[in-house]
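Chains, contacts and geometry: an overview
Each chain, written out:
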Protein chains: 2
Amino acid sequence: MAFELIILGSNAAVPAHGRYMTSQALNIRNRHFLIDCAEGTQMRMQEYKVKFQKINHLFISHLHGDHIFGLPGLILSMSLNHRKEELYIYSPPGLKELIETVWRISQSHLTFSVVFKESNSEVSERIYEDEILTVDTIPLKHRIAAHGFLFKEKPHPRKMLQEKIAEYNIPFHALNGIKKGADWVLDNGRIVSNAELTTNPPKARSFAFCSDTAYSEAILPLIEGVDLLYHEATFTHDLMAQAEITGHSTALQAAQIAKKANVKKLIIGHFSSRYKELQPLLNEAKTVFPDTELALDSAVFSVG
Amino acid sequence: MAFELIILGSNAAVPAHGRYMTSQALNIRNRHFLIDCAEGTQMRMQEYKVKFQKINHLFISHLHGDHIFGLPGLILSMSLNHRKEELYIYSPPGLKELIETVWRISQSHLTFSVVFKESNSEVSERIYEDEILTVDTIPLKHRIAAHGFLFKEKPHPRKMLQEKIAEYNIPFHALNGIKKGADWVLDNGRIVSNAELTTNPPKARSFAFCSDTAYSEAILPLIEGVDLLYHEATFTHDLMAQAEITGHSTALQAAQIAKKANVKKLIIGHFSSRYKELQPLLNEAKTVFPDTELALDSAVFSVG
């Protein structure tokens with residue numbers, strides 16, 4: 001039951017030091033999602049063996065160039081590879097006009113439909129739901145409309161103890177209810193408690209993507225207790241004034257958010273090009289939140 | 001006196017086999033030009049140490065995605081690096097609208113001006129001229145308005161023999177005329193021929209970029225005798241029907257054009273992704289035009 005994130009780019013604004021810009025591929029039990037799509041994303045996908053035809057849902061945090069300039073090329077490549085499936089793109093408003101202008105002027109004719117789902121970044125919205133997971137937006141604080149994304153598995157059903165089915169002669173039609181937590185009543189009226197019939201299911205897992213954003217405690221209730229938090233950390237804390245002006249966060253601030261939200265693990269990225277070496281950012285974050293890692297290009301994070 | 005071409009990408013349509021898409025950097029005596037700008041061009045420039053701030057003139061052959069999708073990112077990176085100089089972009093019509101839509105929607109504010117010079121692709125036009133060179137368009141035959149570019153040095157002045165200046169007591173103000181071919185008349189009326197005073201200058205050099213295009217003999221007069229011809233060769237000749245339908249050329253056709261135009265050297269590129277190995281394309285071209293090379297990513301061609 002995979003829940004795996006691959007970092008396709010980790011730098012802010014421009015490519016530097018071998019780092020590309022923001023894009024991440026997320027695989028949750030064979031649902032393949034892409035989050036942001038900077039220039040070069042399709043090259044990174046080739047390099048890291050992420051199959052782009054499997055991606056049906058693409059999430060864009062905001063419309064700054066370093067998060068979207070890989071979109072036209074990726075979509076065109078999907079088309080040149082004869083894609084037929086619809087592609088859903090979730091973003092703040094404006095992306096549809098941008099992309100459709102590109103198609104019109106470059107006279108590109110796609111082999112499939114792109115469905116744009118634009119939502120404002122003022123309040124959290126549920127933008128995706130299927131039988132196993134939901135995706136909600138996380139309003140962020142940036143210079144332009146921006147929202148992150150909370151990917152969350154739905155609760156798994158409880159695990160039926162197979163030997164109890166035989167022991168109590170439980171019919172097939174009753175199993176679903178028991179897996180959802182129901183007790184079982186025998187013919188003689190005795191109640192067999194759910195605790196005797198089932199074991200706890202695996203925990204529902206979650207990942208929150210928060211970039212680009214200034215420090216904002218408003219996101220805490222939305223990301224409370226997530227298993228994996230990606231939070232941007234453009235600067236070290238000595239440049240906090242710079243972070244405030246540009247609507248970004250420091251590594252220390254990212255760690256403060258992680259701590260206050262009681263997340264299990266923090267990964268940081270969107271590094272300013274001024275940092276060739278990233279150890280200072282990591283060290284800074286770890287002083288506040290020890291379980292922090294760098295979300296570097298090619299890094300893979302699994303939620304267990 | 002550099003005249004050097006660096007190939008930044010050589011594949012058609014999509015990145016494949018480690019090859020990026022069309023873009024070439026041309027340095028003629030410290031004028032730095034960029035021709036086409038596919039996605040990833042700025043990464044290739046970093047990789048191959050081509051300084052993008054030196055580029056003041058950018059030439060776009062046509063508006064298909066695999067020739068322009070690197071433009072927004074490259075221009076934005078120039079701006080984030082605090083560029084002040086104007087950037088001139090020469091292209092078929094439509095690019096200004098596309099790029100300005102991107103700036104508006106992504107709320108990008110540049111630190112410098114981009115001047116769009118759009119020309120139709122019906123007839124050859126002189127689109128650039130300075131004291132040492134000219135650039136003319138080469139109308140091409142493609143599915144969309146497209147033109148190549150002829151970069152041509154102006155004739156160099158003849159070389160003055162220094163010892164003759166003293167021998168005939170030639171004043172400084174007369175030297176320019178002699179370098180342009182004038183004879184020198186002595187006080188006694190005797191004419192000293194220019195041939196005695198000067199030697200031949202270095203030959204004016206030229207490079208023609210022809211992509212994307214179907215086989216077209218209409219370009220022959222424009223590229224006659226150039227030192228270096230880049231001609232697209234998307235397919236091997238067994239796929240000539242495919243080449244015709246898509247407005248592309250085969251390697252054999254590229255070589256036929258090179259031969260008929262009496263060029264000095266041919267380089268081929270814009271390879272279809274179906275060719276992992278490119279030797280068949282090279283072999284095919286060489287049967288008609290022996291001095292052919294593959295214009296592969298990272299290849300450098302100097303015109304002597």
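For the structure, see preceding data.
Here goes a summary of the coordinates provided. (Residues numbered from 1 in each chain as written. Chains lettered and ligands numbered in written order. Predicted model: local features only at pLDDT ≥ 70, side-chain atom pairs only at ≥ 80, totals over all residues.)

**So, the overall build of chain A**
Scanning chain A for helices and strands turns up eleven helices and 18 strands. Taken along its principal axes, the extent of the C-alpha atoms in chain A is 75 × 50 × 35 Å. Here chain A holds 304 residues, and 46% of them are scored as buried. (Helix = DSSP H or I, 4+ residues; strand = E, 2+ residues; numbered from the N terminus. Buried ≥ 20, exposed ≤ 12 C-beta atoms within 10 Å, placed from the backbone.)

**Regarding the interface of chain B and chain A**
Across the contact, 29 residues belong to chain B and 29 residues belong to chain A. The greatest single-element share of the side of chain B that touches chain A, amounting to six residues, is contributed by helix H4 (residues 95-106) of chain B. Split into classes, the residues belonging to the side of chain B that touches chain A amount to 14 nonpolar, 13 polar and two charged. (Contact = placed C-beta atoms within 7 Å. Nonpolar A, V, L, I, M, F, W, Y, C, P; charged D, E, K, R; others polar.)

**Remarks on the pairing of strand E5 (residues 87-91) of chain A**
Two faces belong to every sheet, and in a regular strand the side chains alternate between them. Residue and element names in this part refer to chain A. Of all five residues in E5, four are buried, a share of seventy percent or more. Bridge analysis of strand E4 (residues 55-59) against E5 gives three bridges, and the strand direction is parallel. In the strand pairing of E5, Leu-58 is matched with Ile-89. Pairing of E5 with strand E6 (residues 114-118), which is carried by five bridges, proceeds in the parallel orientation. Residue pairing across strands places Tyr-88 opposite Val-115, the latter belonging to E6. You can see the chain leave E5, run along helix H4 (residues 95-105) and come back into E6, and the turn it takes is right-handed. (Pairing = 2+ DSSP bridges. Right-handed = clockwise from strand over helix to strand, strands pointing away.)

**Examining the nonpolar core**
Here is a general trend for soluble globular proteins: nonpolar side chains tend to be buried in one another's company. Among the nonpolar cores identified, the biggest contains 152 residues, and Ala-208, Leu-229, Leu-266 and Ala-285 of chain A together with Leu-229, Leu-266 and Ala-285 of chain B are the most heavily contacted of them. Excluding residues within four positions of it along the chain, Leu-266 of chain A makes contact with Leu-229, His-231, Ala-254, Ala-255, Ala-258, Ala-285, Phe-289, Asp-291 and Thr-292 of chain A. (Core = buried A, V, L, I, M, F, W, Y, C linked by C-beta atoms within 7 Å.)

**A few points about the packing of helix H10 (residues 251-260) of chain A against helix H11 (residues 279-288) of chain A**
Residue and element names in this part refer to chain A. At a closest axis distance of 8 Å, the pairing of H10 and H11 adopts a crossing angle of 30°. Taken together, H10 and H11 sit at an angle that is classed as roughly parallel. Crossing angle aside, the handedness with which H10 passes H11 is right-handed. Residues Ala-251, Leu-252, Ala-254, Ala-255, Gln-256 and Lys-259 of H10 lie in contact with H11, whose contacting residues are Leu-281, Glu-284, Ala-285 and Val-288. Partitioned by chemical class, the residues of the contact of H10 with H11 number seven nonpolar, one polar and two charged. (Axes fitted to C-alpha atoms, helices over the stretch in contact; angles between N-to-C directions. Parallel < 35°, antiparallel > 145°, perpendicular 65-115°, else oblique. Left-handed = near helix turned anticlockwise from the far one by under 90°.)

**Describing the relation of the copies chain B and chain A**
Aligned on chain A, chain B shows an RMSD of 0.1 Å; the corresponding rotation is 180° and the shift along the axis is 0.0 Å. The superposition operator between the copies reduces to a two-fold rotation axis. Nearest to the rotation axis, the C-alpha of Gly-40 of chain B is located 2.8 Å from it, this being the minimum over chain B. Here 100% of the contact residues of chain B are again contact residues in chain A; the copies associate through an equivalent surface. (Least-squares fit on C-alpha atoms with pLDDT ≥ 70 in both.)

**Things to note about the sheet that holds strand E17 (residues 292-294) of chain A**
All names here are of chain A. A sheet is described by the order of its strands in space; here seven strands give the open sequence E7-E8-E9-E14-E15-E16-E17, paired in mixed fashion. Both edges of this open sheet fall to strand E7 (126-129) and E17, since each of them pairs with a single strand only. Mean inter-strand twist for the sheet, computed between neighbouring axes without regard to direction, equals 20°. With four bridges joining them, strand E14 (residues 206-210) and strand E15 (residues 228-232) adopt parallel strand pairing. The residue bridging Phe-209 from the neighbouring strand is Tyr-230, located in E15. Across the sheet, H11 lies against strand E16 (265-269) and E17, angled at about 165° from E17, the strand it touches most.

Interpretation in functional terms is not warranted from these geometric data alone.
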